[in-house]
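Letter by letter, the chains look like this.
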Amino acid sequence: MFRLLVVPISIGILAFLFIYFIASTIASEPGIVSYVAEFALYLSNSYFENMPPIIVSYISNLNLAVVALTVGLLLTLVTQLIVIIGGTFICIIKWIISYLQKDRGKEVVQELSPIDMDSRYMGSMPGEKILGRGLDTIDRE
């Protein structure tokens, strides 16, 4: 949920703040607005015969705040779409890997024979002869 909402929204807010405050100091506000208006006109002319009314109203009300808000929202949506597509691919890849491993993991586990231990260690009182200590004494006797 964190990746799905918080990261794209924060990227969109950072893009808005960058365009609204920093890009206006690098390039002039009318220059930024005219570039966006030219791009909107180019897209409108290349994809539509008549310019849709929503694009006409967008271009007529265009200023730096609208440009920054538009870029921030578009970047939020694109980032969210990338996160969703990436998560879907990762889920599909994990499913394929688990499916392939499930077929290979059908080996039968063989039971091991019980360990033959000296009866002194098996029947000793707790704390008397601790298992693991003094195993060399078996070899000596």
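Here the structure is shown first, and the text comes after it.
Quick caveat, the model's predicted, so the values are computed rather than measured.

**Notes on the overall build of the chain**
Part 1 of the argument: When helices and strands are counted, the chain shows six helices and zero strands.
Part 2 of the argument: Walking the chain from its N terminus toward its C terminus, one meets helices and strands in the order α-α-α-α-α-α.
Part 3 of the argument: When burial is assessed residue by residue, the chain has 16% of its 141 residues classed as buried.
Part 4 of the argument: For the chain, restricting intrachain contacts to residue pairs at least 6 apart in sequence, the fraction spanning at least 24 positions comes to 58%.
Part 5 of the argument: Accessible surface, the chain: about 11,800 Å² in total, of which carbon and sulfur atoms supply 67%.

**Notes on the packing of aromatic side chains**
Part 1 of the argument: Under the criterion given, the structure shown has three aromatic pairs.
Part 2 of the argument: When the centroid spacing of 5.0 Å and the interplanar angle of 85 degrees are considered together, the rings of Tyr-20 and Phe-21 count as edge-to-face.
Part 3 of the argument: Look at Phe-21 and you get exposed, because its relative accessible area is 51%.
Part 4 of the argument: Geometrically, the ring pair formed by Trp-95 and Tyr-99 is stacked, given 5.9 Å between the ring centres and 20 degrees between the ring planes. In this pair, Trp-95 and Tyr-99 both sit in helix H4 (residues 64-104), four residues apart, roughly one turn of the helix.
Part 5 of the argument: The exposure class of Trp-95 is exposed, given its relative accessible area of 57%.
Part 6 of the argument: One aromatic cluster is present, built from ring pairs that chain together Phe-16, Tyr-20 and Phe-21.

**Quick word on the nonpolar core**
Part 1 of the argument: Grouped together as the largest cluster of nonpolar side chains are nine residues: Ile-19, Ala-23, Ile-32, Val-33, Ala-37, Leu-62, Leu-64, Val-67 and Ala-68.
Part 2 of the argument: Those residues in contact with Ala-23, other than ones at most four positions away along the chain, are Phe-18 and Ile-32.

**Overview of the packing of helix H2 (residues 29-47) against helix H3 (residues 53-60)**
Part 1 of the argument: In the contact formed by H2 and H3, the axes pass within 10 Å of each other and the chain directions differ by 170 degrees. One finds that H2 runs roughly antiparallel with respect to H3. Remark: the crossing between H2 and H3 carries left-handed chirality. Across from Val-36, Ala-37, Ala-40, Leu-41 and Ser-44 in H2, the residues of H3 making contact are Ile-55, Tyr-58 and Ile-59.
Part 2 of the argument: Of the residues assigned to the contact of H2 with H3, the class counts are seven nonpolar, one polar and no charged.

**Here's the deal with the layout of surface pockets**
Over the atoms, a rolled probe matching the size of one water molecule traces out where space is still vacant.
Part 1 of the argument: Reported here for the largest pocket is a volume of approximately 340 Å³.
Part 2 of the argument: What lines the largest pocket is simply Val-36, Phe-39, Ala-40, Leu-43, Ser-44, Ile-54, Ile-55, Tyr-58, Val-67, Thr-70, Val-71 and Leu-74.
Part 3 of the argument: Contributing elements (two or more residues each) for the lining of the largest pocket: H2, H3 and H4.
Part 4 of the argument: Top contributing element to the lining of the largest pocket by residue count: H2, with five residues.
Part 5 of the argument: Along the lines of polarity and charge, the residues of the lining of the largest pocket split into 10 nonpolar, two polar and no charged.

The rules behind each value
Residues numbered from 1 in each chain as written. Predicted model: local features only at pLDDT ≥ 70, side-chain atom pairs only at ≥ 80, totals over all residues. Heavy atoms only, no water. Helix = DSSP H or I, 4+ residues; strand = E, 2+ residues; numbered from the N terminus. Buried < 20%, exposed > 50% of the residue type's maximum accessible area, 1.4 Å probe, protein only. Contact = heavy atoms within 4.5 Å. Areas by Shrake-Rupley, 256 points an atom, 1.4 Å probe, with all protein chains shown as cover. Phe/Tyr/Trp six-rings, centres within 6.5 Å; stacked < 30°, edge-to-face > 60°. Core = buried A, V, L, I, M, F, W, Y, C linked by side-chain atoms within 4.5 Å. Axes fitted to C-alpha atoms, helices over the stretch in contact; angles between N-to-C directions. Parallel < 35°, antiparallel > 145°, perpendicular 65-115°, else oblique. Left-handed = near helix turned anticlockwise from the far one by under 90°. Nonpolar A, V, L, I, M, F, W, Y, C, P; charged D, E, K, R; others polar. 1 Å grid on protein atoms, 1.4 Å probe; cavity = no way out; pocket = protein on both sides within 12 Å on 5 of 7 lines; lining within 4 Å. Points joined across faces, edges and corners; volume = space filled by probe spheres on them.

Everything listed here is a matter of geometry and, on its own, says nothing about what the molecule does.
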